[in-house]
Amino acid sequence: MSLIFVIYTHSSYQDVFDISIKRHEKFSNIFNKIILSNLIMNYKYQHILYNDNEPYATRLYNCLCKLSNSFEYILLSHDWAILYDYIDKNKINNVIEIMKKHDIHQLRLWRNGISNKTFEKLLNNNIETNVDEKYIYHIPDDSYFYTVQPTIWNINILKNILYNHLQLTYNQIEVGVNDYIKQFNNCFYYINEDKFLNSEYFYKSIIYPHIHAMSNGKWIYNDNLPYSKELIDEYNIDINIRNFI
C-alpha cells in the first residue's frame, strides 16, 4: 500500500466539501481516503483533526506525521477540487511506478501556473520512454514549485518542505518555498488536455478529472461549463448562498 488520497477541508467550506465527498464516493471509491479538517466530521473515512489556530504549513505537517508509515505517496487534494469523471486506477498506479523509477518527488495532476509561452518550451523537456512518461514534464524555473492544486507527493519530501516553512499560511506557501524546493526533483503531469469550454485559464486533467470549483468563497461557473451546471442541477445548489463568478 503506497498511495493514500488525502483531502484537506475547512469548516468555512462545509457545503463545498459535502459535494466534493459525494463526487469522490462516485468517481474515486476504489482509493483509500483520509480527511484533514478543523472540525469533527461524520464520514466513513478516517479523519485527522488539525488546529485551526496554526498556520497552514504547520497544520498539514502535523497531520501528515499522523499517517501510517506504510504510505510512501499521497494524492493531496483540497475540497474545492471537485471530480466530474472517474479516476483510472491503473493510470494512477502506473504514474506512481514512474515516480519511483525516476525519483520524482512531486507530480502535479493539472496544468496550472504555467504560461502558454513557457509551456511550449516544455514540449521537448519530457522524460519519454513509454506511453505514460511522455506526458511528464519538468516544472520550468519561472513557475511555482509548490502548488495547492491536486498533486501526488512523496510524503517524506512534502513533510521536509513543510517542516522548514512551518509559519507559512495558505496564501503564502505557493510563493514562499520556491528557493528551498529547487533542491528536489519536481515534475508536472500533462496529458493532451484541452481548455474548458469557456475558460481562458483552466485546463482539463485526464488523470484527475476535476474542476477548480471555488474562488474567493464563490462558485466558479462560466470557466467550468458544462460541469458547473451539472453541479447546480445534481445537488440543487442555491446560487444565492455563495453566488457565482
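Structure shown above.
Just so you know, these numbers come straight off a predicted model, no measurement behind them.

**Q** Help me understand the packing of helix H2 (residues 56-64) against helix H5 (residues 155-163), please; the structure alone is not making it clear to me.
**A** Packed helices, taken two at a time, are described by the angle their axes make and the gap between the axes. Running from N to C, H2 and H5 cross one another at 145°; their axes reach a closest spacing of 9 Å. The handedness of the crossing between H2 and H5 comes out as left-handed. Residues Ala-57, Leu-60, Tyr-61 and Leu-64 of H2 touch H5, and the partners they reach there are Ile-155, Leu-158, Lys-159, Leu-162 and Tyr-163. Split by residue class, the contact of H2 with H5 holds eight nonpolar, no polar and one charged.

**Q** Looking at this structure, how should I read the nonpolar core?
**A** In summary, soluble globular proteins display a tendency toward joint burial of nonpolar side chains. Of all hydrophobic cores here, the largest spans 54 residues; its most connected members are Ile-74 and Tyr-146. At the level of secondary structure, the elements contributing two or more residues to this core comprise strand E1 (3-8), helix H1 (14-27), strand E2 (33-37), H2, strand E4 (73-78), strand E5 (81-83), H5 and helix H8 (227-235). In terms of residues, this core owes the most to one element, H2, which gives six residues. Those residues in contact with Tyr-146 that lie beyond four places of it in its chain are Tyr-56, Leu-60, Arg-108, Trp-153, Leu-158, Leu-162, Ile-173, Glu-174, Val-177, Asn-178 and Ile-181. Listed in part, the 22 residues of the second largest apolar core include Phe-27, Tyr-73, Ile-136 and Ile-207.

**Q** Any chance you could explain unusual backbone geometry here in plain terms?
**A** Excluding glycine, a negative phi dihedral is what most residues carry, and trans is how most peptide bonds are arranged. The residue after Leu-225, namely Pro-226, is reached through a cis peptide bond having omega 5°. Looking at the element boundaries, Pro-226 is found in the loop between strand E12 (218-219) and H8. Residues other than glycine seldom take positive phi values, yet Asn-216 does so here, at roughly 55°. For Asn-216, the position within the fold is in the loop between strand E11 (214-215) and E12. Although it is not a glycine, Asn-236 adopts a positive phi angle of roughly 50°. Note that Asn-236 resides in the loop between H8 and helix H9 (239-242).

**Q** Can you walk me through the packing of aromatic side chains in this structure?
**A** Any aromatic ring pair is given by two values, namely how distant the centres are and how the planes are angled relative to each other. Taken as a whole and judged by the stated rule, the model has 14 aromatic pairs. Consider the rings of Phe-5 and Tyr-208, whose centres lie 6.4 Å apart with planes at 55°: the pair is tilted. One end of the pair, Phe-5, is in strand E1; the other, Tyr-208, is in the loop between strand E9 (186-189) and strand E10 (210-212), and 203 residues separate them in sequence. The exposure class assigned to Phe-5 is buried, which follows from its relative accessible area of 1%.

**Q** What is the right way to look at the environment of Ile-48 in this model?
**A** The topology assignment puts Ile-48 in strand E3 (residues 46-49). With a relative accessible area of 5%, Ile-48 lands in the buried category. Distance from Ile-48 to Asn-38, taken between C-alpha atoms, is 8.5 Å for residues ten residues apart in sequence. Residue contacts for Ile-48: discarding those within four places in its chain leaves Ile-34, Ile-35, Leu-36, Ser-37, Cys-63, Lys-66 and Leu-67.

Criteria and cut-off values
- Residue positions are given per chain, counting from 1 as you read along its sequence in written order.
- Side-chain atom pairs in this predicted model are given and counted only at pLDDT of 80 or more, local residue features only at pLDDT of at least 70, and totals for whole chains, interfaces and linings cover all residues.
- Note that water and hydrogens are dropped before the side-chain values are worked out from all heavy atoms of the structure.
- What counts as an axis is a line fitted to C-alpha atoms, over the stretch in contact for a helix, and the angles between N-to-C directions run from 0 to 180 degrees.
- Where helices and strands are cited, they refer to DSSP runs of H or I of at least four residues and of E of at least two residues respectively, numbered from the N terminus.
- Handedness of a crossing follows from how the near helix is turned relative to the far one, being left-handed for an anticlockwise turn of less than a right angle and right-handed for a clockwise one.
- Residue contacts follow a heavy-atom distance rule, with two residues in contact if any of their heavy atoms lie within 4.5 Å.
- Residues are grouped as follows: Ala, Val, Leu, Ile, Met, Phe, Trp, Tyr, Cys and Pro are nonpolar; Asp, Glu, Lys and Arg are charged; every other residue, Gly included, is polar.
- Here, nonpolar core refers to any group of buried Ala, Val, Leu, Ile, Met, Phe, Trp, Tyr and Cys residues whose side-chain atoms link them within 4.5 Å.
- The buried label applies to any residue whose accessible area, calculated with a 1.4 Å probe on protein chains only, is under 20% of its type's maximum; exposed applies above 50%, and partly exposed to all values in between.
- Each aromatic pair joins two rings of Phe, Tyr and Trp (for Trp, the six-membered one) with centres within 6.5 Å, and gets the label stacked for planes under 30 degrees apart, edge-to-face for over 60, and tilted for any other angle.

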